[in-house]
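So you can see what is in the structure, the chains are spelled out below.
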Amino acid sequence: MKIVVLDGDTLNPGDLSWHALSELGEFACFPRTASEDIVARAKDAEVVLTNKTPLNADTLAQLPALKYIGVLATGTNVVDLAAAKAQGIVVTNVPAYGPDAVAQMVFAHILHHTQAVAAHHQAVVDGQWVNCKDFCFTLMPLQSLKGKTLGLIGYGDIGQQVGEIALAFGMKVLVHTRTVRLDLPQGVMWAERDTVLKESDIISLHCPLSPETAQFINQQTLALIKPKALLINTARGGLIDEAALAAALTQGKLFAGVDVLSTEPPSADNPLLHVPNISISPHNAWATKEARQNLLNIAIANLTAYLAGERVNWVNS
């Protein structure tokens, strides 16, 4: 069996081991693969693993030996699932491999804004503490999370972990999901979406991107958000109308922390790259070493189950 990883560097830049996969067959791993090189590299492969390298219908038609695609992520939009099914190719994904890692990044962005560690570090390095007349100084008001309200749009594995951390900080937690939730932990309440937007000091997005949720953070919904509130997005960039958010940030209406943008890598003229009051991480909330190892373990388990005739994490059955 020939196994090909098309873009291994995203998952494993060198600090993990591919050994368990290589034991399953003839193994080749490429750091990244351009679209025009996919067919040549995956020729005769029965198994292809991909993170973000797209496998569309035209490409799949040129890979007659292919029987299995393992997506090294949760989202499967990089694969034409209908074409794969028509060609008899099994597609699997890796769900819930690192909710703790993403939840941790949510609070990294929150604390970046409430504690201003980076700004104060730079001020110290620049000599402001050395030359300070007092024993300490602050560049801006610091904020306590205790007593603040965190609003969660979406309450899956990641949203739940974010809520647990918020409760540990002494925060109040509001949740909006498509259907009313009554089975929530103590200290967590379900609310209508507009109520969450209006009443939360911090809003964190954890819903999937769909036609119903695309750009639901827009000029109209931004107008509902409290002045000086903080908006966090570690879900999908398409949830936000970036031009509308950029305008609100420039006007000082709110703050934002995002790990995702509408196009990745972003174009140089993405409006969020050139405005104040925002922190941006390059879609790496998921990428702690522990989460990546868990992802790899699940991907190997998916393939091992397939080889044993079992259906585990199939997404096009």
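For the structure given in this document, a descriptive report is provided here. (Residues numbered from 1 in each chain as written. Predicted model: local features only at pLDDT ≥ 70, side-chain atom pairs only at ≥ 80, totals over all residues. Heavy atoms only, no water.)

Counting its regular elements, the chain contains 12 helices and 12 strands. Projected onto its principal axes, the C-alpha coordinates of the chain cover approximately 70 × 50 × 35 Å. Residues counted as buried form 44% of the 317 residues belonging to the chain. Per element, the accessible surface of the chain, about 15,900 Å² overall, is 54% carbon and sulfur. (Helix = DSSP H or I, 4+ residues; strand = E, 2+ residues; numbered from the N terminus. Buried < 20%, exposed > 50% of the residue type's maximum accessible area, 1.4 Å probe, protein only. Areas by Shrake-Rupley, 256 points an atom, 1.4 Å probe, with all protein chains shown as cover.)

What follows deals with the pairing of strand β11 (residues 254-258). Every other side chain in a regular strand lies on the same face of the sheet, so the side chains alternate between the two faces. For β11, the buried fraction is high: four of the five residues fall into the buried class. Relative to β11, strand β10 (residues 229-233) runs parallel, the two being bridged by five bridges. In the strand pairing of β11, A229 is matched with L254. Bridge count between β11 and strand β12 (residues 278-280): three bridges; the pairing is parallel. Bridging from a neighbouring strand, G257 pairs with S279 of β12. (Pairing = 2+ DSSP bridges.)

Turning our attention to the sheet that holds β11. Adjacent strands of a sheet pair through backbone hydrogen bonds, lying either parallel or antiparallel. Overall, parallel pairing links the seven strands, which are arranged β8-β7-β6-β9-β10-β11-β12 in an open sheet. One side of each edge strand has no neighbouring strand; the edge strands of this open sheet are β8 (188-190) and β12. Strand-to-strand twist in this sheet, taken as the mean axis angle between neighbours without regard to direction, amounts to 15°. Across three bridges, the pairing between strand β7 (residues 172-176) and β8 is parallel. When the sheet's bridge partners are listed, L174 is paired in β8 with M189. Across the sheet, helix α6 (residues 99-115) is in contact with β9 (202-205), β10, β11 and β12; its angle to β10 comes to roughly 150°. Here helix α11 (residues 242-250) sits on the sheet and contacts β10, β11 and β12; the angle it forms with β11, its principal contact strand, is near 130°. (Axes fitted to C-alpha atoms, helices over the stretch in contact; angles between N-to-C directions. Contact = heavy atoms within 4.5 Å.)

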